[in-house]
Amino acid sequence: MTHTTSNYRRLTTTVLALACLLLSPLSFSQSLSESDVQAFIRSMQAMQPLQDKYQDAFDAEEDDADDDIDFSRLMSDGILRMKGHPAYNEVESLVKQQGFSNIEDWASIGDKVMQAWFALEMGAQSPQIQAEMNAAMAEIENNPNMSEAQKAQMRAMMQQGMSAMATGASAPEANKNAVRPYMDQLKAVMDTEE
């Protein structure tokens, strides 16, 4: 991998991570309970061996994934992409062991948990995120190793994030209240997924 490709991938990862924090999630009718959040965290912890087992396949899928990510459906879309993959049945069995009725129920709860987490992170880090977005945009514009097409793609991603920031990330207050006590646990489990 060349230095330019490495920088481009790092910048793309940074932009996607910032966009995750900025995109406004959709509201859902049913509120999360703390037991939902706890079960989701336990399931993500229990999934670590599967993540390790199928890492190469997941990395290849991530490289092939559509850049138009719906951050309000991260878990649900991930499950849809996983259908037909050997890991699907293992994940389904695992989430049932954690008390979820099926894999779709788990994904729906996961979407709500992630949205509330993003909204809380967004609220806590808004000035820092704005500064990072501005720095990333300047890096994109001043990078002589990126083609104009790459810069245009990155600008579009940044614009999506900036538009979302203007309206503010939101999630139902009840969901944020359910997730708030588990922010550190969520951060820890999500860090192990990367």
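Residues numbered from 1 in each chain as written. Predicted model: local features only at pLDDT ≥ 70, side-chain atom pairs only at ≥ 80, totals over all residues. Heavy atoms only, no water.

## Remarks on the overall build of the chain
When you go through the chain residue by residue, the secondary structure sums to ten helices and zero strands. For the chain, the N- to C-terminal ordering of α and β elements is α-α-α-α-α-α-α-α-α-α. Out of the 194 residues in the chain, the part that is buried amounts to 43%. Sequence separation of 24 or more characterises 83% of the internal contacts of the chain that already satisfy a separation of 6 or more. Accessible surface, the chain as shown: approximately 10200 Å² in total, 51% of it carbon and sulfur. (Helix = DSSP H or I, 4+ residues; strand = E, 2+ residues; numbered from the N terminus. Buried < 20%, exposed > 50% of the residue type's maximum accessible area, 1.4 Å probe, protein only. Contact = heavy atoms within 4.5 Å. Areas by Shrake-Rupley, 256 points an atom, 1.4 Å probe, with all protein chains shown as cover.)

## As for the confidence of the model for the chain
Scored by pLDDT, the chain comes out at a mean of 77, with 69% of its residues at no less than 70. Averaged over each element, pLDDT in the chain is lowest for helix H1 (residues 3-22) (53) and highest for helix H2 (residues 34-46) (94). Low pLDDT (under 50) marks residues 21-28, which in the prediction has 34 contacts with non-local residues, meaning those over four places away or in another chain. (pLDDT = per-residue confidence, 0-100.)

## What to know about H2
Taking 1.5 Å per residue, 13 residues should reach 18 Å; H2 reaches 18 Å between its end C-alpha atoms and fits that length. Looking only at H2, the buried set comprises Val37, Ala39, Phe40, Ile41, Ser43 and Met44. (Expected span 1.5 Å × (residues − 1).)

## Some points on the side chain of serine 76
Within the secondary structure layout, serine 76 lies in helix H5 (residues 74-82). A polar side-chain atom of serine 76 sits 2.4 Å from a polar atom in the side chain of aspartate 111. Contact partners of serine 76, with chain neighbours within four places excluded, come to Ala107, Ser108 and Asp111. (Polar contact = N/O pair within 3.5 Å; in protein donor to acceptor, adjacent residues only side chain to side chain.)

## Points about the environment of methionine 154
Looking at the secondary structure, you find methionine 154 in helix H8 (residues 148-167). For methionine 154 and glutamate 141, which are 13 residues apart along the polypeptide, the C-alpha to C-alpha distance reads 9.5 Å.

## Looking at the nonpolar core
Burial of nonpolar side chains together is a common tendency in soluble globular proteins. Within the largest apolar cluster, 37 residues are counted, with the highest numbers of intra-cluster contacts made by Phe40, Trp106 and Val179. Among the secondary structure elements, those contributing two or more residues to this core are H2, H5, helix H6 (86-97), helix H7 (103-142), helix H9 (173-179) and helix H10 (183-193). Considering every element that reaches this core, the biggest residue donor is H7, with eleven residues. Other than its neighbours up to four places away in sequence, valine 179 contacts Leu32, Val37, Val113, Ala116, Trp117, Leu120 and Leu186. Judged by nonpolar contacts, the second largest core, of ten residues, contains Ile129, Met133, Ala136 and Met137. (Core = buried A, V, L, I, M, F, W, Y, C linked by side-chain atoms within 4.5 Å.)

## Examining the pattern of salt bridges
Applying the stated criterion across every chain yields a total of five salt bridges. For lysine 53, the salt bridge goes to glutamate 90, with nearest N and O atoms at 3.3 Å. One end of the pair, lysine 53, is in helix H3 (residues 48-53); the other, glutamate 90, is in helix H6, and 37 residues separate them in sequence. Accessibility expressed as a relative area gives 54% for lysine 53, which makes it exposed. Of the charged contacts, one joins glutamate 148 and arginine 155 as a salt bridge, the two residues approaching to 2.9 Å between their closest N and O atoms. (Salt bridge = Lys/Arg side-chain N within 4 Å of Asp/Glu carboxyl O.)

## So, the environment of valine 91
Looking at the element boundaries, valine 91 is found in helix H6. When its relative accessible area of 3% is taken as the criterion, valine 91 is described as buried. It is 10.0 Å that separates the C-alpha atoms of valine 91 and tryptophan 106, two residues lying 15 residues apart in sequence. Setting aside residues up to four positions removed in sequence, valine 91 forms contacts with Met47, Leu50, Ile79, Met82 and Ile103.

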